[in-house]
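Chain by chain, the residues:
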Amino acid sequence: MTGSDALLTTLRSVVTDGHVLTDHDAMAGYLTDWTGRWTGSADAVVRPRTTDEVAAIVSACADAGATLWLQGGNTGLVGGSVPPAAADNPAPRVVLSTSRMVDIDEVDTVGRCVGVQAGATIDQIDRAAGECGLAFPVDLASRESATAGGVVATNAGGVRMIRHGNTRRQVLGIEAVLADGRVLRRWTSLVKDNVGYDLPGLLAGSEGTLAVITRVLFRLVASPAETVVTVAAVRHVEDIFTLLDTMAERGLTVEAAEIMTEAGLDLVHDHGVRRPVAATAPFYTLIEVSGTGDIEEVVVGVLDEADVVDGVLEPGPARDLWASREQHTEAISRSSVTPVVKLDVSVPIRALPEALAELGAVADLVDHPCRPILFGHVGDGNIHVNLLDVPEDRVEELTGRVFGIVAANGGSISAEHGIGRAKVPWTGLGRSEVDLAAMRAIKAALDPDGRFNPGVIFG
Ligand SMILES: Cc1cc2nc3c(=O)[nH]c(=O)nc-3n(C[C@H](O)[C@H](O)[C@H](O)COP(=O)(O)OP(=O)(O)OC[C@H]3O[C@@H](n4cnc5c(N)ncnc54)[C@H](O)[C@@H]3O)c2cc1C
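Reading the values: rules and limits
- Residues numbered from 1 in each chain as written.
- Predicted model: local features only at pLDDT ≥ 70, side-chain atom pairs only at ≥ 80, totals over all residues.
- Heavy atoms only, no water.
- Core = buried A, V, L, I, M, F, W, Y, C linked by side-chain atoms within 4.5 Å.
- Buried < 20%, exposed > 50% of the residue type's maximum accessible area, 1.4 Å probe, protein only.
- Domains from an automatic or database assignment.
- Contact = heavy atoms within 4.5 Å.
- Pairing = 2+ DSSP bridges.
- Helix = DSSP H or I, 4+ residues; strand = E, 2+ residues; numbered from the N terminus.
- Phe/Tyr/Trp six-rings, centres within 6.5 Å; stacked < 30°, edge-to-face > 60°.
- Arc of directions from axis to C-beta.
- 1 Å grid on protein atoms, 1.4 Å probe; cavity = no way out; pocket = protein on both sides within 12 Å on 5 of 7 lines; lining within 4 Å.
- Points joined across faces, edges and corners; volume = space filled by probe spheres on them.
- Axes fitted to C-alpha atoms, helices over the stretch in contact; angles between N-to-C directions.
- Buried area = accessible area lost by both parts, 1.4 Å probe.
- Salt bridge = Lys/Arg side-chain N within 4 Å of Asp/Glu carboxyl O.

Trainee: Account for the nonpolar core, naming residues and giving values.
Mentor: Formed by 51 residues in total, the largest nonpolar core has its most connected members in Ile 383, Val 385, Leu 387 and Val 402. Viewed by domain, this core spans two of them, domain 3 (227-326) and domain 4 (336-419), each represented by three or more residues. In this structure Val 385 touches Val 341, Lys 342, Leu 343, Val 345, Leu 359, Ile 373, Leu 374 and Val 402, once residues within four positions along its chain are discounted. Core analysis: the next-biggest nonpolar cluster, separate from the first, contains 30 residues, Val 107, Leu 210, Ile 213 and Leu 220 among them.

Trainee: Any details on the pairing of strand E8 (residues 183-186)? Residues and values, ideally.
Mentor: Pairing between strand E7 (residues 171-177) and E8: four bridges, direction antiparallel. By the bridge assignment, Ile 174 is partnered in E8 with Arg 186.

Trainee: How would you summarise the packing of aromatic side chains if you had to cite specific residues and measurements?
Mentor: Enumeration according to the criterion identifies two aromatic pairs in this entry. Considering the side-chain rings of Phe 403 and Trp 426, the 5.4 Å spacing of their centres and the 75° angle between planes classify their relative orientation as edge-to-face. Remark: Trp 426 occurs in the loop between helix H14 (395-408) and helix H15 (433-446) and Phe 403 occurs in helix H14; sequence separation between them is 23 residues. By relative accessible area, which is 0% here, Phe 403 ends up buried.

Trainee: Requested: an account of helix H12 (residues 328-335), with residues and values cited.
Mentor: Looking only at H12, the buried set comprises His 328, Thr 329, Ala 331, Ile 332 and Ser 335. Along the axis of H12, the buried positions cluster into a sector of 170°, meaning they face one direction only. Its buried side turned inward, H12 meets strand E12 (253-261), helix H9 (262-270), helix H11 (319-326), strand E15 (341-346), strand E16 (371-377) and strand E17 (382-388).

Trainee: Outline the layout of surface pockets, listing residues and values.
Mentor: Quantified by volume, the second largest pocket comes out at close to 890 Å³. Lining the second largest pocket are 37 residues; nearest its centre among them are Asn 155, Arg 168, Gly 205, Glu 207 and Arg 431. The set of elements that each furnish at least two residues to the lining of the second largest pocket consists of helix H5 (148-154), helix H7 (199-203) and H15.

Trainee: Explain the sheet that holds E7 residue by residue, including any values.
Mentor: With antiparallel pairing, the four strands of this open sheet are ordered in space as E5-E9-E7-E8. The sheet is open, and its two edges are formed by strand E5 (113-117) and E8, each paired on a single side. Mean inter-strand twist for the sheet, computed between neighbouring axes without regard to direction, equals 15°. In terms of strand pairing, E7 meets strand E9 (residues 212-219) through six bridges, oriented antiparallel. Bridging across to E9, Ile 174 finds its partner in Val 216.

Trainee: Account for the domain arrangement of the protein chain, with residues named and values stated.
Mentor: Under the domain assignment used here, the protein chain contains domain 1 (3-97), domain 2 (113-222), domain 3 (227-326) and domain 4 (336-419). Inter-centroid distance (C-alpha atoms) of domain 2 to domain 3 is 30 Å. If you look at the interface, domain 2 gives eight residues, while domain 3 gives nine residues. Taking both partners together, domain 2 and domain 3 bury about 710 Å²; carbon and sulfur atoms supply 47% of that area. Among the ionic pairs, Glu 326 bridges to Arg 143, the shortest N-O distance being 2.8 Å.

Here it is in C-alpha cells:
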C-alpha cells in the first residue's frame, strides 16, 4: 500500500467513502477555479461535516506528509482555492472542501451576531439574519456560492464595504484547525476584549495559509428601513464624488457606490441585461442610499441639481438596476476568447480619475489583443480591471503594466481578492522586505511544514 492509499483509507474512515472523491470527473469541479485560468490535480477531494472531522483530516495529512488546499465556494478570482498541476513533489495532495459544513446557529438578536459553519453561503447567512430583521454586512455578487470561510480567508470587501467595512470588521469570533490538528477557538460576542493578539483578525485575509477556518461568529447589523437605488450617467468620475457628497450633505446614508463604464454596460446589455438609462456617457454610477422621510424626493432633487447626463431611480432592492452592475463579471467571462485577466486594485480616491484614464488606455501600451473593461466600488477607490482576449503568453507583461500604473498612483495591487497564486510575483510592489519577512515568520510559526495552500501568497 502506498502512502497515498493509506491516507485515503484513513480519510474514508473519518468522513465515510462517499465524501472522499478520487474519480477524475467527480473531482473536476473542485480542481478548476471560477475564472477557468487555474486548474490542477489532487489525489482526493475530502468533504468533512464537522470541526472534529476537519481536525482528524488535518492530523492524518500531517502524519502522511500530505499537502492540503482549502476550498469554500471556489469563487475566488486569484487561483488560491485550487491546487496547481502535478509537481515533482510526490507528497499526497488533498483538497478540503467545506461544502457540507453549512450549519447556521440561532441568531442572537440582542447581541446582534450569529455563529455559522465555514461552508454556509453569504446568501444563507443573510437570509437567516433577515428573518430576524437584521442583515449580514458583507454582500457580493457571488453571494449564492461564496462561503463564510472564504470571505473571512480573503477578507472580502464587496458592495457594502463603504457602509460597514470589510469582512475582518464583522468577525467577532473564530474557530479554526491548526496545522497540527489542534482546534483554536476564540468565541466571544464581547465588543471589548483585549487579551493579547487579534488572532481572528489575523486569520481574516490569511487566504488559507495559516489554518482551516471551521466556524465564524459574525456581527450583524440592522436592515435599513427604506432604500433608494439610482443609476446616473456622468461625464467625469469627479461628478460621482459630487453626487456622493451632496447625498451625504442632505442627510442620506450611502449604502453602496459603484462605478461602470460605457464599454462594460454595453457588454452586459449584449448579454441580455436591460440598459438602466437611455443616454450614453463615459461613466455610470449606481448609488444605493438609505434615510428617513421622503428619500426618493431627496434623491430626485440631488440628480436634478447635479450635472448628470441622465439618471433613474427605484426603491430598493431594485434588482434590475443592480443587475446592470452585478452581471459584469459573468458577461466579461463569457465574452473573452481567453480566460479573463482579472486584476483587482485600489488607489487613493483623489487619484481615481487619473488611474481610470490610464488603466482604460492600457491596451495602447502593448502590441497584442487586449480589451480592458473596468468597473468597481467607487466609494472605496477599488477598480476591477478585466483584460479580455489576452494571449496566455502576454498575461505577465500586461499584469506588470497594470500594476505599474497602480503603484505610480499610490495604490494597492490587491484591493479585495487577495494574492492567491496570481499575484505572487508582484507582492514586493505592495509590501516591504521587512513586512514580507514578518508575514513569512507568522506562516512558519503556524504552519511550519507548509501544509496549507502551498504557493499561495508566498510562492
Ligand atoms: C461574480 C463574482 C463577484 C465577486 N465579487 C466580489 C466582491 O465584490 N468583493 C470581493 O472581495 N470578492 C468578490 N469576488 C471574489 C470571491 O467571491 C471572494 O473572494 C470570496 O470571498 C471567496 O469565497 P469562497 O467561499 O468562494 O472561497 P474560495 O474561492 O473557495 O477560496 C478563496 C480563498 O480562501 C481560502 N479558504 C476558503 N475557505 C476557507 C476556510 N474554511 N478556511 C481557510 N481558508 C479558506 C481558499 O484556500 C482560498 O485561498 C467575486 C467573485 C465572483 C465570481
